[in-house]
Amino acid sequence: MTTPVLMQTQNDCEIAAIATATGKAYEETAAAFTPLPAIDPIRGNPEALYLALVRLALWKKNITWSMLETHQATPGKTVILIHNPETPTLLQHWIVLAGYSPDGFSCYWGYPLIAGRDAALPVFVDTAKMKDLFLRGWPNCAFEISPDTLWMRIKRRLGFL
């Protein structure tokens, strides 16, 4: 079972999500986001997360909505960008897939959605709501953490692995 890493500030969901999905400590993951290139001033954009993965010697496999819907993404390893349907381009949040049920998903949110609720417990989201949260805004981004780095793919292609 995945042990979720919780957010330490109000705007560090990308750090908590990557730390949860990789099993790395919050501090190690936060360090992978620094320094950002000048072209990426916003730490929570997908490209910044991809760069952090490279710095952690990891990579990703892109996940589509249909893959989520058909339970093809790995719980505990899949990071999902969700959007507030009312302001989808301004309010976004990174979560981690915790599991599936016949009528929805369990996700680690990184903070308690309801005051007094344990933030380490997954939150249930029904399928229709998750589809809305995932597809309503832009970018539509979900990925599964993979140890298959670019260097490993190059070595495999050259026949060294």
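The preceding data block contains the structure.
Predicted model only: the values in this text are computed from it and were never measured. (Residues numbered from 1 in each chain as written. Predicted model: local features only at pLDDT ≥ 70, side-chain atom pairs only at ≥ 80, totals over all residues. Heavy atoms only, no water.)

**Student:** Hey, could you run me through the pairing of strand E3 (residues 92-101) in this one?
**Tutor:** If a strand is regular, its side chains alternate between the two faces of the sheet. Most of E3 is tucked away: seven of the 10 residues are buried. Taken together, the five bridges between strand E2 (residues 78-83) and E3 define a ladder with antiparallel strand orientation. Its bridge partner being in E3, Ile 80 is matched across the sheet by Ile 95. Alignment of E3 against strand E4 (residues 104-108), held across five bridges, turns out to be antiparallel. If you follow Val 96 over to E4, its bridge partner there is Tyr 108. Between the end of E3 and the start of E4, which pair antiparallel, lie two residues. (Buried < 20%, exposed > 50% of the residue type's maximum accessible area, 1.4 Å probe, protein only. Helix = DSSP H or I, 4+ residues; strand = E, 2+ residues; numbered from the N terminus. Pairing = 2+ DSSP bridges.)

**Student:** Got a minute to help me understand the environment of Ala 21 in this structure?
**Tutor:** Structurally, Ala 21 can be placed in helix H1 (residues 13-22). Those residues in contact with Ala 21, other than ones at most four positions away along the chain, are Gly 76, Lys 77, Val 79, Val 96 and Ile 145. (Contact = heavy atoms within 4.5 Å.)

**Student:** Could you clarify how one ought to interpret the pattern of salt bridges in this entry?
**Tutor:** Side chains carrying opposite charge are able to pair once their charged atoms draw close together. Applying the stated criterion to the full structure yields two salt bridges. One salt bridge in this structure joins Lys 24 and Glu 28, with 3.9 Å as the shortest N-O distance. Overall, the relative accessible area of 41% leaves Glu 28 in the partly exposed class. Where Asp 132 meets Arg 136, a salt bridge forms, and the shortest distance between an N and an O atom there is 2.8 Å. Overall, Arg 136 belongs to the partly exposed group, its relative accessible area being 47%. (Salt bridge = Lys/Arg side-chain N within 4 Å of Asp/Glu carboxyl O.)

**Student:** Which parts of the structure should I look at to understand the nonpolar core?
**Tutor:** For soluble globular proteins, the rule of thumb is that nonpolar side chains tend to be buried together. Counting residues in hydrophobic clusters, the biggest one holds 26 residues, and the most contacted among them are Ile 18, Leu 49, Val 79, Trp 94, Phe 143 and Ile 145. Looking at this core, the elements that each hand over two or more residues are H1, helix H2 (26-32), helix H3 (46-55), E2, E3 and strand E6 (142-146). Counting residues per element, this core draws most heavily on H1, which supplies seven residues. Beyond its immediate chain neighbours, meaning those up to four positions away, Leu 49 contacts Glu 14, Ile 18, Phe 33, Arg 43, Gly 44, Val 79, Trp 94 and Phe 143. Listed in part, the 18 residues of the second largest apolar core include Ile 80, Ile 82, Val 123 and Ala 142. (Core = buried A, V, L, I, M, F, W, Y, C linked by side-chain atoms within 4.5 Å.)

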